[in-house]
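# Descriptive analysis of the structure
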Amino acid sequence: MQYIGKIDKQKIGYYANKISNDEIVLTEERKLHIYEEHKKDYQLIMENIKNGVLNPNEVLKDNKNKDTLFFISKIDKNNLNVVIKLNTTNNEEHPNNSIMTAWLIRDSNLKKLREKNEIIYKSE
């Protein structure tokens, strides 16, 4: 398991009071998933994943999945979308907030993501 850092609670809106802790991790299983699903972009994703989570340009609430957020950051000509499942139930088996997956998205796909999900945080 790779420790990523601590969530900036000011960037996650009402979830700040719901999460059981502020630590974010990336498990080996999820790292393998990112590699298998996004081989072409894996290196770029892994080089930027920590900064993308700790300093996102915006955070969106995933309206399809409970307690899940999209951490979006601009890299090169695209955007990095890091999906994080928050621990709001004090789950002892999975005590930390976990990165589920990450991939690069174009500006046009980000626009669609914004239309379908709630913006919780946006940098100036």
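So, a few notes on the structure that sits alongside this text. (Residues numbered from 1 in each chain as written. Predicted model: local features only at pLDDT ≥ 70, side-chain atom pairs only at ≥ 80, totals over all residues. Heavy atoms only, no water.)

## Remarks on the overall build of the protein chain
Rule in force here: The way it works is that DSSP assigns letters per residue, a run of H or I at least four long becomes a helix, a run of E at least two long becomes a strand, and they are numbered from the N terminus. C-alpha atoms define the radius of gyration in this analysis, and the globule rule sets the expected value at 2.2 Å times the number of residues to the power 0.38. With residues, only the protein chains shown are counted as cover, and all accessible areas are computed by Shrake-Rupley using a 1.4 Å probe.
In terms of regular secondary structure, the protein chain is built from three helices and seven strands. Scaling as 2.2 N^0.38, a compact globule of 124 residues should have a C-alpha radius of gyration of about 14 Å, and the protein chain matches this with 13 Å. On the principal axes, the C-alpha backbone points of the protein chain span a range of 35 × 30 × 25 Å. When the accessible surface of the protein chain is split by element, carbon and sulfur atoms take 46% of a total near 7,300 Å².

## Concerning the side chain of Glu58
Test applied: Polar contact criterion, stated in full: a pair of N or O atoms within 3.5 Å, where within protein one must be able to donate a hydrogen and the other to accept it, and residues adjacent in sequence count only if both atoms are side-chain atoms. Here, two residues are considered to be in contact whenever any of their heavy atoms come within 4.5 Å of each other.
Relative to the helices and strands, Glu58 resides in strand E3 (residues 58–61). Reaching out from Glu58, the side chain makes a polar contact with the side chain of Arg114 at a distance of 2.6 Å. Apart from the residues within four sequence positions on either side, Glu58 is in contact with Phe70, Phe71, Ile72, Leu110, Arg114, Ile119, Tyr121 and Lys122.

## Quick word on the nonpolar core
Where we set the bar: Take the buried Ala, Val, Leu, Ile, Met, Phe, Trp, Tyr and Cys residues and link them wherever side-chain atoms come within 4.5 Å; each set so joined is a nonpolar core. A 1.4 Å probe rolled over the protein chains alone gives each residue an accessible area, and that area as a share of the maximum for its type sets the label: buried under 20%, exposed over 50%, partly exposed in between.
One finds Ile12, Ile45, Ile49, Leu69, Val82, Ile84 and Ile99 to be the most contacted residues of the largest nonpolar core, which totals 26 residues. Put simply, the parts of the chain that give this core at least two residues each are strand E2 (23–26), helix H2 (42–54), strand E4 (68–75), strand E5 (78–85), strand E6 (97–105) and strand E7 (118–122). Ranked by residue count, the leading element in this core is H2, at four residues. Those residues within four positions of Val82 in sequence are excluded, and the remaining contacts are Ile49, Val53, Leu69, Phe70, Phe71, Ile99, Thr101 and Ala102. Formed by seven residues, the second largest nonpolar core is a distinct cluster that contains Leu60, Phe70, Ile72 and Val83.

## Details of the side chain of Asn117
With respect to the helices and strands, the residue Asn117 is situated in the loop between helix H3 (107–116) and E7. Side-chain polar atoms of Asn117 contact the backbone nitrogen of Asn63, separated by 2.8 Å. Excluding anything up to four places from it in sequence, Asn117 contacts Leu60, Lys61, Asp62, Asn63 and Phe70.

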